[in-house]
Amino acid sequence: MELENILSRVQKPAWYSGGEYGSIVKDLSQVGIRFGFCFPDLYEIGMSHLGIKILYHCLNTMPNVWCERVFMPNLDMEEEMKKENIPLFALESKDPIREFDFVGFTLQYEMSYTNVLNMLALAQIPMFSKNRTDTDPIVIAGGPCTCNPEPIADFIDLFSIGEGEEHLKTLMNLYLKCGKNRTKFLQEAAKIEGTYVPQYPPEKPVKMQKIQDLDSVEYPDRFVVPFSQVVHDRVMLEIMRGCIRGCRFCQAGFLYRPFRQKSPEILIEQANKLCKETGYDEISLTSLSTSDYDKLPELCDNLLVYCMPQHINLSLPSLRVDNFTKEILEKVQATRKSGLTFAPEAGTQRLRDVINKNVTEEEIEHTCRIAFEGGCTSVKLYFMIGLPTETDEDIKGIAETAQKIVDLYYSLPEKPKGKSIQVTISLATFVPKPFTPFQWESQISLEEIERKQKYLKSQITSKKIKLNYHDGKTSVIEGVLARGDRRLSKVLLKVFENGGKLDAWDEHFSYERWIQAINDCGLSVEEYAGRKRPFDEPLPWDIIDIGVSKEFFIRENKKAYQEKTTPSCKLQCAGCGITELCSGDVCPGGKKQ
Amino acid sequence: MIRLVFSKKGLAKYISHLDMQRTMQRTLRRAGIPVWYSEGFNPHPYLCFASPLSVGIEGENEIIDFRLAEEMPFEEMKSRFNQAFPQGFTAKDIYEGFDPVKNIAFAEYTLSFPKDTQPAFEKFWQRDSIPVLKKTKRAQKEIDLKEESQTVSLAENGDFFDFTVILPCGSEKNINPQLIVSALEENVGKINSCRIIRNRFYKTDLSIFQ
């Protein structure tokens, strides 16, 4: 009843009331393990995330496990919960998660770390791992950020490193085998591959878990369908994992190796099932680089046979410009017209070679020409500033690339009649990440970020070009956390205690609060993000083995400075070492039989 | 056109009118109802909701009208709806040949207050006039709740007492029953847990809308 009273007073009650179609409610008498799957951000963000849907499904296919969803409440809800002393609860049962066996966080971006602390506090679970006892839930974490678990390791009992579909199930069974005893479970779990228990430091690096065969691994046959609008509100169809490209700035490109594809037959079956089960009218193909999917035309054709008569829209994000064909464009537009998005990432060919983004200006032009002739009038371009070896020439190149697209549009006789072109530049700041060839690089300072942003702005003269960029302050802090070590747990705690939360939201983020906390702990931005690290310096994330070797990263780093590119895995194996861990279908020697 | 009568109870009362559009479209798809799609650039099913229900109010006999692209027996449709509806929704009736939505003039609500507030409520409701400020998008207007409402009944119901009242509910004039609760709260202080259900609609002559 208290919950009902506060729901009537908050902005978005539907974020907290549960009951969505597809949410899973189990009979408690049949359940041995209760699992609170926490996404450390607001409902509208968390409900857009595919990983939580996959693992929610996997855990709930275990008859004795009940996995429920937990999100970070917005500030108004948090205030009401505190006033009525309602601890953080799971959406399905509304039971406090502090009574659960497991509380699991997915760490998707560094700026959500303070939300983890806030959610633990709201749940009334002891903040530090060392202070938890048998009566407290076991707090675990997974997701891409756990490739460097150290900054948050003091707050987490156990990290599940890598792809969780199988690993989480192993952990659940082990927990039952250990008689649900916390100490015994953590001791035993530390011995299992893919598990990092900070309390028991591993003797050799923890091996990241990979799914060998995506066709046979479980994929949800239903999604929880939210009532309120969320960011990605559609059927998400994961068509492959990994990327063959090896862009040197891209952490995901290395973390998710090797390249593994699902077969079109399986995907079509899953798409049909999910559309029927959810009632969604849009399917989005998700992957790191959709156009690298071998059988994309076949997949699109077969999906459209089903989609068209049912008024289902098909969208293909993450298309690369280089192998973009007219045929594919026509298929995307077959159901509904949408704008084009490309990510050249750097403004000159020289710098694109440095970062190994193997895209040429001719290819960008070629693709845009096809798109314009097909009726497209808006292009979005993703670029970065602060890349290694970058000069003002490269930044000027961003404006020039955009201008060329505008000029191209007006030069075409077959452009859409009477319509103007809109080119949007979305500018991000490069943040060096662990497990990339740039993991040793220095990150540009806040002053330099702001100078480069201003410089680019001054180089844009056309009204058809719109420039969007974020405040550089968040990137600075992200840079500190990404390559941080255990000492940052004190900083996190301080920021949290000083009111820091929802730091991924500009309106809640306070740079001053972070800098104050970093200084108070005797640390500096320079030490974590600013300085260039030597190759032989031990790195906080050396305790994790993602399967790609350090030697490969060093090789790639040196090639970057020589402005030499590395061909895609499909053309030639670069010897990254991933075949030792798992063989994907394009790794030489690891080809699927 | 056919009409679906459904209830929206429990936590489903927190689903806003905007979210209802989305929810209904997805329910229709899951249920496999052969609903008619509009033509044109962005085809979508045409759904006509009788009257938006405020967030926090439950509905006993809510109404949606839509067109079918092909026939389907009403009984089958009803059971399909009930399988495809999210928690808190029940399809109650489906029929053709009905009053047009524009003929809705009033709605009947039952407000359930905790029993200990009954004496205070009775005293409050005996007044000749209860002026309140009704806020609209543009301005606020003073209205007299006593003048606008018609009491149906006042009955005990376990730990609660049920106050059933008819209020204007149409495009011309619409009065939210939550105004009664806030006016009462101004007099007797905060009331915890007042449940409000919209029971049914009436036409201008107070005959039942169907």
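Another aspect to go through is the overall build of chain B. A count of helices and strands for chain B gives 5 helices and 10 strands. Its C-alpha atoms give chain B a radius of gyration of 19 Å, near enough to 17 Å, the size a compact globule of 210 residues would have. With the C-alpha coordinates aligned to their principal axes, the bounding extent of chain B is approximately 55 × 35 × 30 Å. Every one of the 210 residues in chain B was classed for burial, and the buried ones make up 30%.

This part covers unusual backbone geometry. Residue and element names in this part refer to chain A. Cis geometry marks the peptide bond from Arg257 to Pro258, where omega comes out at -5°. Residue placement: Pro258 occurs in the loop between α8 (251–255) and β10 (260–261). Phi is positive for Lys94, close to 65°, though the residue is something other than glycine. Following the sequence through the fold, Lys94 ends up in the loop between α4 (75–83) and β3 (102–106). Given 14 C-beta atoms within a 10 Å radius, Lys94 is considered partly exposed.

Now for the environment of Asp471 of chain A. Residue and element names in this part refer to chain A. Mapping Asp471 onto the fold places it in the loop between β16 (465–469) and α16 (472–482). Residue Asp471 is classed as partly exposed on the basis of its C-beta count, with 15 C-beta atoms lying within 10 Å. Distance from Asp471 to Gly499, taken between C-alpha atoms, is 20 Å for residues 28 residues apart in sequence.

Here the focus is the sheet that holds strand β12 (residues 313–315) of chain A. All names here are of chain A. Across the sheet, 3 strands lie side by side as β8-β11-β12; this open sheet has parallel pairing. Strands with a single pairing partner mark the edges of an open sheet, and in this sheet they are β8 (235–238) and β12. Looking at each pair of strands side by side, their axes are set apart by 20° on average, direction ignored. Pairing of strand β11 (residues 282–286) with β12, which is carried by 3 bridges, proceeds in the parallel orientation. Looking across to β12, one finds that Ile283 is bridged to Leu314. In the packing of helix α9 (residues 264–278) onto the sheet, contacts are made with β8 and β11, and the angle to β8 comes to roughly 165°. Packed on one face of the sheet, helix α10 (residues 296–307) meets β11 and β12 and runs near 155° to β12.

All names here are of chain B. Looking at the element boundaries, Trp125 is found in helix α3 (residues 118–125). Taking the number of C-beta atoms within 10 Å as the measure of exposure, Trp125 has 18 and is therefore partly exposed. Counting along the chain gives 21 residues from Trp125 to Lys146, while the straight-line C-alpha distance between them is 7.8 Å.

Right, let's talk about the interface of chain A and chain B for a bit. At the junction of the two partners, chain A supplies 22 residues and chain B supplies 21 residues. Mapped by element, the contributors of at least two residues to the side of chain A that touches chain B are α1 (2–7) and α9 of chain A. Broken down by element, the side of chain A that touches chain B gets its largest block of residues, 3 residues, from α1 of chain A. Of the residues in the side of chain A that touches chain B, the class split is 8 nonpolar, 9 polar and 5 charged.

Bringing the sheet that holds β16 of chain A into the picture now. All names here are of chain A. Spatially, 4 strands are ordered β13-β14-β15-β16 in an open sheet, and the strand pairing comes out parallel. The two strands at the open ends of the sheet, each matched to only one other strand, are β13 (340–345) and β16. Strand-to-strand twist in this sheet, taken as the mean axis angle between neighbours without regard to direction, amounts to 20°. Here 5 bridges tie strand β15 (residues 422–429) to β16, and the two strands are oriented parallel to one another. Bridge pairing links Ile425 to Leu467 in β16. In the packing of helix α14 (residues 392–411) onto the sheet, the strands contacted are β13, β14 (378–385), β15 and β16, and the crossing angle to β15 comes to about 160°.

Residues and elements named next belong to chain A. In the contact formed by helix α5 (residues 113–123) and helix α17 (residues 488–497), the axes pass within 9 Å of each other and the chain directions differ by 65°. On the basis of their axis angle, the class for α5 and α17 is roughly perpendicular. Where α5 crosses over α17, the two elements pack in a sense that is right-handed. Contact with α5, carried on its side by Tyr113, Thr114, Leu117 and Asn118, involves Leu492, Leu493, Val495 and Phe496 of α17 and no other residues of that element.

A separate point is the domain arrangement of chain B. Residues and elements named next belong to chain B. When cut into domains, chain B gives domain 1 (2–98) and domain 2 (102–202). Taking only C-alpha atoms, the centre of domain 1 and the centre of domain 2 are 27 Å apart. If you look at the interface, domain 1 gives 9 residues, while domain 2 gives 11 residues. Across the side of domain 1 that touches domain 2, the residue classes break down as 3 nonpolar, 4 polar and 2 charged.

Now for the domain arrangement of chain A. All names here are of chain A. Domain boundaries in chain A define domain 1 (2–207) and domain 2 (235–487 + 523–540). Computed from C-alpha atoms alone, the centre-to-centre distance between domain 1 and domain 2 is 31 Å. In this assembly, 12 residues from domain 1 lie in contact with 19 residues from domain 2. Residue classes in the side of domain 1 that touches domain 2 are distributed as 7 nonpolar, 2 polar and 3 charged.

Right, let's get into the packing of α9 of chain A against α10 of chain A. Axes are the key here: two packed helices are described by the angle between their axes and the distance separating the axes. All names here are of chain A. It is at 10 Å that the axes of α9 and α10 come closest, and there the two elements cross at 25°. Compared by their axis directions, α9 and α10 come out roughly parallel. Read as a crossing pair, α9 and α10 show a hand that is right-handed. Across the interface between the two elements, Pro264, Leu267, Ile268, Ala271 and Asn272 of α9 pack against Glu298, Leu299, Asn302, Leu303 and Tyr306 of α10. Here the residues of the contact of α9 with α10 are counted per class, giving 7 nonpolar, 2 polar and 1 charged.

All right, on to the confidence of the model for chain A then. Averaged over every residue, the pLDDT of chain A is 91; residues scoring 70 or more account for 94%. Note that pLDDT drops below 50 for residues 589–593 of chain A; the model gives that stretch 7 contacts with residues more than four away or on any other chain.

Moving on, we come to helix α18 (residues 511–520) of chain A. All names here are of chain A. Those residues of α18 not exposed but buried are Trp514, Ala517 and Ile518. Buried residues of α18, viewed axially, fall in a sector of 100°; they line one side. Seen from the buried face of α18, the exposed residues on the opposite side, beyond 90 degrees, are Glu512 and Asn519. Each element contacted by the buried residues of α18 is listed here: α16, α17 and α19 (525–530).

All names here are of chain B. Judged from the 2 bridges that link them, strand β3 (residues 58–66) and strand β10 (residues 195–202) form a sheet pairing that is parallel. The partner of Gly59 across the bridge, within β10, is Arg198. For strand β5 (residues 106–114) and β10, the ladder comprises 7 bridges, and the chain directions are antiparallel. Bridge assignment links Ala107 to a residue of β10, and that residue is Phe201.

Thresholds applied
Residues numbered from 1 in each chain as written. Chains lettered and ligands numbered in written order. Predicted model: local features only at pLDDT ≥ 70, side-chain atom pairs only at ≥ 80, totals over all residues. Helix = DSSP H or I, 4+ residues; strand = E, 2+ residues; numbered from the N terminus. Rg over C-alpha atoms; globule rule 2.2 N^0.38 Å. Buried ≥ 20, exposed ≤ 12 C-beta atoms within 10 Å, placed from the backbone. Pairing = 2+ DSSP bridges. Axes fitted to C-alpha atoms, helices over the stretch in contact; angles between N-to-C directions. Contact = placed C-beta atoms within 7 Å. Nonpolar A, V, L, I, M, F, W, Y, C, P; charged D, E, K, R; others polar. Parallel < 35°, antiparallel > 145°, perpendicular 65-115°, else oblique. Left-handed = near helix turned anticlockwise from the far one by under 90°. Domains from an automatic or database assignment. pLDDT = per-residue confidence, 0-100. Arc of directions from axis to C-beta.

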